[in-house]
Amino acid sequence: MFDDPGSCLATGPRVGLRPFSPADAEEFTARARESRELHHPWLFPPCTPEAYATYAGTLIGDPARAGFLVCERDGGGIAGFININNIVRGAFRSGALGYGAFAHAAGRGLLTEALGLVLEYAFGPLELHRLEANIQPGNTASRALVRRAGFRLEGFSPAMLHIDGAWRDHERWAVTAAD
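Because the structure is predicted, anything quoted here is derived from the model rather than measured.

Conventions adopted
- Residues numbered from 1 in each chain as written.
- Predicted model: local features only at pLDDT ≥ 70, side-chain atom pairs only at ≥ 80, totals over all residues.
- Heavy atoms only, no water.
- Helix = DSSP H or I, 4+ residues; strand = E, 2+ residues; numbered from the N terminus.
- Buried < 20%, exposed > 50% of the residue type's maximum accessible area, 1.4 Å probe, protein only.
- Contact = heavy atoms within 4.5 Å.
- Arc of directions from axis to C-beta.
- Pairing = 2+ DSSP bridges.
- Phe/Tyr/Trp six-rings, centres within 6.5 Å; stacked < 30°, edge-to-face > 60°.
- Polar contact = N/O pair within 3.5 Å; in protein donor to acceptor, adjacent residues only side chain to side chain.

1. Some points on the environment of Ser-7
Inspection of the secondary structure puts Ser-7 in the segment before β1 (10-11). Overall, the relative accessible area of 31% leaves Ser-7 in the partly exposed class. Each C-alpha atom, one on Ser-7 and one on Leu-43, is 27 Å from the other, the two residues being 36 residues apart in sequence. Setting aside its immediate chain neighbours within four residues, Ser-7 contacts Arg-18 and Pro-19.

2. Thoughts on helix α1 (residues 25-34)
Regarding α1, the residues found buried are Ala-25, Phe-28, Thr-29 and Ala-32. The arc enclosing the buried residues of α1, seen along the axis, measures out at 90°, which places them on a common side. Those residues of α1 that are buried are in contact with α2 (36-39), α3 (49-61), β3 (66-72) and β4 (78-88).

3. Examining the sheet that holds strand β5 (residues 94-101)
Read across the open sheet, the eight strands follow the order β1-β2-β3-β4-β5-β6-β8-β7; overall the sheet is mixed. Each of the sheet's edge strands pairs with one partner strand only, and the pair in question is β1 and β7 (152-163). Sheet topology note: the strand β6 (residues 130-135)/strand β8 (residues 166-176) ladder contains six bridges and is antiparallel. In the sheet register, Ile-135 faces β8, and the bridge partner there is Glu-171.

4. Quick look at the packing of aromatic side chains
Aromatic ring pairs: the centre-centre distance and the angle between the two ring planes describe each pair. Counting across every chain of the model gives nine aromatic pairs. Between Phe-81 and Phe-102, the aromatic rings sit 5.8 Å apart at their centres with planes inclined by 50°, giving tilted as the arrangement. Within this pair, whereas Phe-81 is found in strand β4, its partner Phe-102 is found in the loop between β5 and α4 (110-123), the two being separated by 21 residues in sequence. A single burial state applies to Phe-81 and to Phe-102, both of which are buried. By way of ring pairs, the aromatic residues Phe-20, Phe-28, Tyr-52, Tyr-55, Phe-81 and Phe-102 are connected into one cluster.

5. Considering the side chain of Thr-29
With respect to the secondary-structure elements, Thr-29 resides in helix α1. Separated by 3.3 Å, the side chain of Thr-29 and the backbone oxygen of Glu-26 make a polar contact. Apart from residues no more than four positions distant in its own chain, Thr-29 is found in contact with Pro-46, Cys-47, Thr-48, Pro-49 and Tyr-52.

Any functional reading would require information that these geometric values do not contain.
Structure representation (C-alpha cells):
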C-alpha cells in the first residue's frame, strides 16, 4: 500500500515504487489471477502465495536483481511491477527489465510513469549504465512502453527464451544512461 510514502524508493504524480515484501502476497497474487488474460502469452507472474514467496524472495535476497512494486498514489493499490534482473557490475553495469501492469491499471499510463522512475533509479542510485528489455515481437503494448521510455531497437534474437512451453523469438531493446 501507499500508506507510508516514506517506504517508496521513488514517487511520481500518480505512482510510487517500493520494494517487494512478503506482506504483499495476497494482493499481488489476486491481481495476477485477475490479469491472466491480459498477460497471456507474454508473462506469468506468481498466482499463489507459495509461488509469490519464491518469486519475491529472489528479488529481495539477490544482489543481481532489484524488484519494484508499482503502487498507485490514489488508493495505494499495486498497479504492476518492474524488475531489473541479471544485474552485472564492473565494466558492463547492465540489467535486463521484466515488467507487467495488472488488468485494473492497464492502459492508464501508470507503468509508463513507473518505468521513468525505474530508469532514474537504475541510472542514479544503482549506478547502471544500460538496461535491456527483451520483448516478443507480437507484444505491441510492451514495445510501445519501452519506445515511450526512449529505448531503441537493437536486434532480433530467434528462440531466445522458453516461455509458455516453447522457445520464443524476442526483439532486443535498450537504453543507456547517456540517452
